[in-house]
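Descriptive analysis of the structure
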Amino acid sequence: MNYLCNMKYYFAPVQGHTDAAYRHFHALRYGCEDVIYTTPFIRLEKGEIRKKDLKDVCSNLNEGQSVVPQVIFRDRSELETLVDILKAEGVSRIDINMGCPFPLQTSHGRGAATVANEACRRAVTDIVTANPDLVFSVKMRLGYKEEEWKELLQDLNTIPLDHIAVHPRTAKDQYSGPLSMDSFEAIYRESKNTVVYNGDIRTPEDAIKIAEQYPRLAGIMIGRGALARPSIFKEIMAGNEIDVAERLRQMKNFHRDLITHYTESLIGGEHQVLSKIQPFWEYAEDEIGRKAWKAIKKASTMAKYQTALALI
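Our subject in this report is the structure included herewith. (Residues numbered from 1 in each chain as written. Predicted model: local features only at pLDDT ≥ 70, side-chain atom pairs only at ≥ 80, totals over all residues. Heavy atoms only, no water.)

**Considerations on the pairing of strand 7 (residues 93-98)**
Just so we agree on the cut-off: When a residue's accessible area, from a 1.4 Å probe over protein chains only, is under 20% of the maximum for its type it is buried; when over 50% it is exposed; and in between it is partly exposed. Counting from the N terminus, the helices are DSSP H or I runs at least four residues long and the strands are E runs at least two residues long. DSSP bridges decide pairing: two strands pair if at least two such bridges lie between them. Assignment of crossover handedness uses the view with strands pointing away from the viewer, where a clockwise path from the first strand over the helix to the second indicates a right-handed crossover.
Burial runs high along strand 7: 5 of the 6 residues are buried. Of the pairings in the sheet, the one linking strand 6 (residues 70-72) to strand 7 comprises 3 bridges and is parallel in character. For Gln70, the partnering residue across the bridge sits in strand 7 and is Asp95. Handedness of the strand 6-helix 3 (residues 76-88)-strand 7 crossover: right-handed. Bridging between strand 7 and strand 8 (residues 135-140) involves 6 bridges; their strand directions are parallel.

**Focus on the pairing of strand 1 (residues 8-11)**
In terms of strand pairing, strand 1 meets strand 11 (residues 219-222) through 4 bridges, oriented parallel. Counterpart to Tyr9 in the pairing with strand 11 is Ile220. Sheet analysis places strand 1 next to strand 2 (residues 36-38), joined by 2 bridges and oriented parallel. Opposite Tyr10, over in strand 2, you have Ile36 as the bridge partner. For the crossover from strand 1 across helix 1 (residues 20-30) to strand 2, the handedness is right-handed.

**Some details on the nonpolar core**
Basically, it comes down to this: Remark: nonpolar core denotes a set of buried residues (Ala, Val, Leu, Ile, Met, Phe, Trp, Tyr, Cys) joined through side-chain atoms within 4.5 Å.
Ranked by size, the top nonpolar core spans 86 residues in total, and within it Ile164, Trp281, Ile288 and Tyr305 carry the most contacts. Per element, the largest residue contribution to this core is 6 residues, and it comes from helix 11 (residues 244-265). Counting 7 residues, the second largest nonpolar core, distinct from the first, contains Ala12, Ile36, Ala165 and Met221.

**Concerning the packing of aromatic side chains**
Defined as follows: Here a Phe, Tyr or Trp ring, Trp counted by its six-membered ring, pairs with any other such ring whose centre lies within 6.5 Å, and the pair is stacked when the planes are under 30 degrees apart, edge-to-face when over 60, and tilted otherwise.
For the coordinates displayed, the defined rule picks out 13 aromatic pairs. Aromatic side chains Phe11 and Phe233 sit 5.5 Å apart centroid to centroid with 40° between the ring planes, which places their arrangement in the tilted category. You can see Phe11 sitting in strand 1 and its partner Phe233 sitting in helix 10 (residues 232-238), a full 222 residues away along the chain. Take Phe11 and Phe233: they sit in the same class, and that class is buried. Aromatic pair Tyr22 and Phe254: ring centres 5.0 Å apart, planes at 70°, arrangement edge-to-face.

**A word on the environment of Ile96**
Heads up, the rule is: Working rule for contacts: check all heavy atoms of both residues, and any pair within 4.5 Å makes them a contact.
Looking at the secondary structure, you find Ile96 in strand 7. Owing to a relative accessible area of 1%, Ile96 belongs among the buried residues under this scheme. Apart from residues no more than four positions distant in its own chain, Ile96 is found in contact with Val71, Phe73, Val124, Val128, Phe136, Ser137, Val138 and Lys139.

**Points about the sheet that holds strand 6**
Stated formally: To obtain an axis, a line is fitted to C-alpha atoms, over the contacting stretch when the element is a helix, and the angle between two such axes runs from 0 to 180 degrees between their N-to-C directions.
Spatially, 5-2-1-11-10-9-8-7-6 is the arrangement adopted by the 9 strands of the open sheet, whose pairing is parallel. The sheet is open, and its two edges are formed by strand 5 (66-68) and strand 6, each paired on a single side. Geometrically, the sheet is characterised by an average inter-axis angle of 25° between neighbouring strands, direction not taken into account. Packed onto the sheet, helix 1 meets strand 1, strand 2 and strand 5 and runs at close to 165° relative to strand 2. Against the sheet, helix 3 contacts strand 6, strand 7 and strand 8, and its axis sits at roughly 155° relative to strand 6.

As structure tokens, this is what we get:
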């Protein structure tokens, strides 16, 4: 049985990468209109949503796509404010980030630090219950350290969620080390909400293995793996792996769309365009080769950047 046919696919947000332009041209270039895109997390700054975050959520480039704004919070007040503002903007779906592992967020009590915070967990259950007209999902890790997920899961089981997306590592693990698949299996088995798997999906074969191992999964979420290999959703959904040469050709076309957009829309000159486009290749070393990857990272002018691209 091909379990992949019954799943939904989610492009996980990556700060500094998957903005509205990236999502728009990715869906357009790869025919991924059915992929559900989650925005990079939205947070409060001095009690207000950052203008660039709201601009990303409200961008015309989101038209024709399934885009879900993701919020990150450290207490009830922040979560309530974020939900109220997005609701006023006409948003119907919100993803709650309880998984970001970066110290810049966890040190302020956000992301994975909320998993063990009883007040934050109660805020989530109360606010979801108080907004039955919104569809909520939760993106989570196992906690700041192992086993913290157990109390969170008990709380999430009391509320209706579209899904919970689980990355089976702790915040301390960041993105390295073995995945805690025993913990994931327990969540998969005990969750009253449907479960989406997230973590170390780099090839279509990786997705197939997860789908076969957990046939009741609601979906698969891919972040860094999709940045490294933007065609991965297309390949999974088509059931056909694309050869490397064709993947690189498509990747260059996708990149060309983005660089044209940023050149036309940014007013800071080539250095600003470079700062927006160089991260495109950050996770793609295995796809494009180390020599090209290093040259792209080091390029300080557009001319040097174009020379580096020619090495692919």
